Amino acid sequence: MEIDLAREAAASEDAVGQTGDVVELRSDIGRIFEEIRETRRTASGVIVGPETAIECGAVLACVRVLSESIAAMPLNVMRRKPGGGTELATDQHLYEVLAYQPNSWMTAFEWKELMMSWVLLWGNAYCWIKGGRKGGVTELIPLHPSRMEIKRLENGKLQYIYTENPTPENPSPEPTKYRQDEIFHIRWLSSDGVKGFVPTTISRDVIGLARATEIQSSAYFGNGARGGTYITTNQPQKPEALARFKQQWDEAHRGAANAYKTVVLPFGFDKKDEPVRNDSAHLETRRFQLLEVLRCYRVPPHLVGEMSDVKYNTVEQSAIDFVTFSLVPWCRRWEMACRRDLVVDDANYFVQFDVNSLMAGDYAARSQFLREMWNMGALSIDELRAQIGYNPLEDGQGKKRFVQVNMQLLDAFTVNNPTGQQTQPQAESAASAVPPDEPSAIDPQARAAAEVVFKTNLRRLAGIEADGILERRNKPEKIVSWIEAMQTRMRDELSDVAKATGRNIDEFVVNWTNRSKDLLLDCHRSGQKYESATEGWCDKHLM
């Protein structure tokens, strides 16, 4: 009678479990983690979560394409010009933070790549907005999304609660609470508008099947590109002997390095192999799952090396579609988050990605576009040279614009002038030779930039003052001391920027302190809650 080795080994393991020799030693924490693993286990048997999803090659490729594309595009702070148009606000410290150095150890590329990868894997990305004398945003400190909780307060604001990773020195760190204006938050699709969905959890079955095909292929080639092995015997064997033989067999013949070695079987044993699998069907499954993952992340196949159905005459259009339908929505998500959390003067400043380099197309199309723009006078020679990375011409010669000589304004053709010929321009009046007036003591543009920095720091300090008042609401004498301490702090931190705006810092902080005392006195007399009195604290002072 033939006995299947695998079944006998399994039966022996069940028998050991039934004897009661194995004692369950899992703690409650172990049970919790096991439950978490089971909730992330897919129908394919693979556990998928934000930490493990990137082990799937398709997910890794999509995350790299999207995060590196976003990181490669310049993220600029722009200023709206009074007469129309925009310009780079290089005098703002936020420009330095977003364009070059968000914190002391990361470049702008690394920071944008990290934040984008967090959103793609976790659905959320957070940064602590660290203020200072240079502006309301001195540094952006990344906070891992797995350790962040969000709570909605009674006043409608959000409170962020972050717990640091335990260390041997601090095995039980205390959670840190942040106000909404202290956190830069990028969220993905959400059901409540507070916290984004986790993409790898929503599409875990798609990712799990793709990962399962990878694991199956690895196991197949790890077994010498052969299927499973069945060993049967017509002699009765003890379960211990069968288990020992199975272990010896695996050690001698399992794995790519042990393939095609000589097999020596004991008397009565016979070896049988599984039928050769259909590789074409397996490869088709792997390809289909790759396309499924790409569909979830909205990434064209040619960007991850899948070129089987790609026609080369459509690759350029596919690249443009990728920018239009994949990157632009992400850019708008970033820009709106920066406007909400980082930019104070929304009327004059905004944050914008520069996608022109990705939309340039091939050299022939780009040359034709630039030629048409130059012929219409829309671009000067210097602007044209800047598009291809050349320096401006010397002596301002490149600032001139040219148009076709046979083009005239429609209004130039009249009854008295049927040919539309222009008369010679009159000589410049003497008034035009008058030198311009002397510049004012403070340049208006520099003053406007300093005003933004002043208000940014002022709002930050006002939030700190309001929080301190709420903490001392039951101790009036400490509230007075706190307001006086904030008066000194405001004078120290706002003195430089206040001078740039033309303000007298001493007079300003005295008026601010008196206003704070008046607001608190009105709150005490009317019986109003301190939470309501301190809401919009900065705006109440500036009214």
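Residues numbered from 1 in each chain as written. Predicted model: local features only at pLDDT ≥ 70, side-chain atom pairs only at ≥ 80, totals over all residues. Heavy atoms only, no water.

Colleague: Mind laying out the overall build of the protein, listing which residues take part and the relevant values?
Modeller: The number of helices and strands found in the protein is 17 helices and 12 strands. Each of the 543 residues in the protein was classed as buried or not, and the buried ones make up 34%. In the protein, the proportion of contacts linking residues at least 24 apart, taken out of those at least 6 apart, comes to 63%. Carbon and sulfur atoms form 53% of the exposed surface of the protein, whose accessible area is close to 33700 Å². (Helix = DSSP H or I, 4+ residues; strand = E, 2+ residues; numbered from the N terminus. Buried < 20%, exposed > 50% of the residue type's maximum accessible area, 1.4 Å probe, protein only. Contact = heavy atoms within 4.5 Å. Areas by Shrake-Rupley, 256 points an atom, 1.4 Å probe, with all protein chains shown as cover.)

Colleague: Would you mind going over a nonpolar patch on the surface in detail, with residue names and values included?
Modeller: A surface patch of nonpolar side chains, about 280 Å² in accessible area, is lined by Leu189, Phe197 and Ile202. Classification of Phe197 as partly exposed rests on a relative accessible area of 31%. (Patch = residues over 30% accessible without salt bridge, like charges linked within 9 Å, V, L, I, M, F, W, Y side chains within 5 Å. Salt bridge = Lys/Arg side-chain N within 4 Å of Asp/Glu carboxyl O.)

Colleague: Run through the environment of Leu265, naming residues and quoting values.
Modeller: Counting through the fold element by element, Leu265 comes out in the loop between α8 (239-253) and β11 (269-273). Take Leu265: its relative accessible area is 28%, and that puts it in the partly exposed class. Through-space distance from the C-alpha of Leu265 to that of Ile231 is 9.3 Å; in sequence the pair is 34 residues apart. Here Leu265 is in contact with Phe245, Trp249, Asp270 and Lys271, once residues within four sequence places are set aside.

Colleague: Lay out the confidence of the model for the protein with the relevant residues and their values.
Modeller: Taken over all residues, the pLDDT of the protein has a mean of 80, while the share at 70 or more is 80%. When the elements of the protein are averaged for pLDDT, helix α1 (residues 5-18) gives the smallest value, 41, and helix α5 (residues 108-122) the largest, 97. Low pLDDT, under 50, characterises residues 1-37; the predicted model gives this stretch 26 contacts beyond four residues in sequence or across chains. Every residue in residues 427-434 is under pLDDT 50, and counting partners more than four places away or in other chains gives 0 contacts. (pLDDT = per-residue confidence, 0-100.)

Colleague: Explain the pattern of salt bridges to me, and be specific about the residues and the numbers.
Modeller: By the definition in use, this model includes 22 salt bridges. Note that Arg179 and Asp467 form a salt bridge whose closest N and O atoms lie 2.6 Å from each other. Of this pair, Arg179 sits in strand β8 (residues 176-179) while Asp467 sits in helix α13 (residues 444-471); the two residues are 288 residues apart in sequence, bridging distant segments of the chain. Put simply, Arg179, Asp181, Glu182 and Asp467 are held in one network by salt bridges that share partners.

Colleague: Tell me about the packing of aromatic side chains, residues and numbers included.
Modeller: Per the counting criterion, the structure on display carries 10 aromatic pairs. Taken together, a centroid distance of 6.0 Å and an interplanar angle of 80° make the contact between Trp334 and Phe353 edge-to-face. Placement of Trp334 in helix α10 (residues 315-341) and of Phe353 in strand β12 (residues 349-353) is noted, with a sequence separation of 19 residues between them. The same class applies to Trp334 and to Phe353, which are both buried. Through pairs of rings, three or more aromatic residues link up here, namely Trp111, Phe184, Trp334 and Phe353. Geometry around Trp330 places Arg333 over its ring, the cationic atom sitting 5.0 Å from the centre. The ring of Trp482 is capped by Arg472, whose NZ or CZ atom sits 4.2 Å from the centre of that ring. (Phe/Tyr/Trp six-rings, centres within 6.5 Å; stacked < 30°, edge-to-face > 60°. Lys NZ or Arg CZ within 6 Å of the ring centre and 35° of its normal.)

Colleague: Run through the packing of helix α3 (residues 57-72) against α10, naming residues and quoting values.
Modeller: A packed helix pair is summarised by two numbers, namely the angle formed by the two axes and the spacing between the axes. The geometry of α3 relative to α10 is characterised by a closest axis approach of 11 Å and an angle of 65° between their N-to-C directions. As α3 runs across α10, the sense of the crossing is right-handed. Along the contact surface, α3 presents Val65, Leu66, Ser69 and Ile70, while α10 presents Phe322, Leu327, Trp330, Cys331 and Trp334. (Axes fitted to C-alpha atoms, helices over the stretch in contact; angles between N-to-C directions. Left-handed = near helix turned anticlockwise from the far one by under 90°.)

Colleague: A description of α3 should follow, citing residues and the corresponding values.
Modeller: Between its first and last C-alpha, α3 extends 22 Å over 16 residues, near the 22 Å set by a 1.5 Å rise per residue. Buried residues along α3 sit against α5, α7 (204-222), α9 (279-297), α10 and β12. (Expected span 1.5 Å × (residues − 1).)

Colleague: Before we move on, could you go through the environment of Leu143 and cite the residues and values that matter?
Modeller: By secondary structure assignment, the location of Leu143 is in strand β5 (residues 135-143). Exposure remark for Leu143: the relative accessible area of 4% places this residue in the buried category. Put simply, Leu143 and Phe184 are 41 residues apart on the chain and 9.8 Å apart in space, counted from C-alpha to C-alpha. Residues contacting Leu143, with those up to four places away along its chain left out, are Trp118, Tyr126, Cys127, Trp128, Met148, Tyr162, Tyr178 and Ile183.

Colleague: Now, about the sheet that holds strand β6 (residues 148-152): what can you tell me, with residues and values included?
Modeller: Strand order in the open sheet made by the 3 strands is β6-β7-β8, with antiparallel pairing throughout. Every other strand in the sheet has two partners, leaving β6 and β8 as the edge strands with one partner each. Each adjacent strand pair in this sheet contributes to an overall mean axis angle of 25°, direction not counted. Relative to strand β7 (residues 158-162), β6 runs antiparallel, the two sharing 5 bridges. Each residue of the ladder has a partner; that of Glu149, found in β7, is Ile161. (Pairing = 2+ DSSP bridges.)

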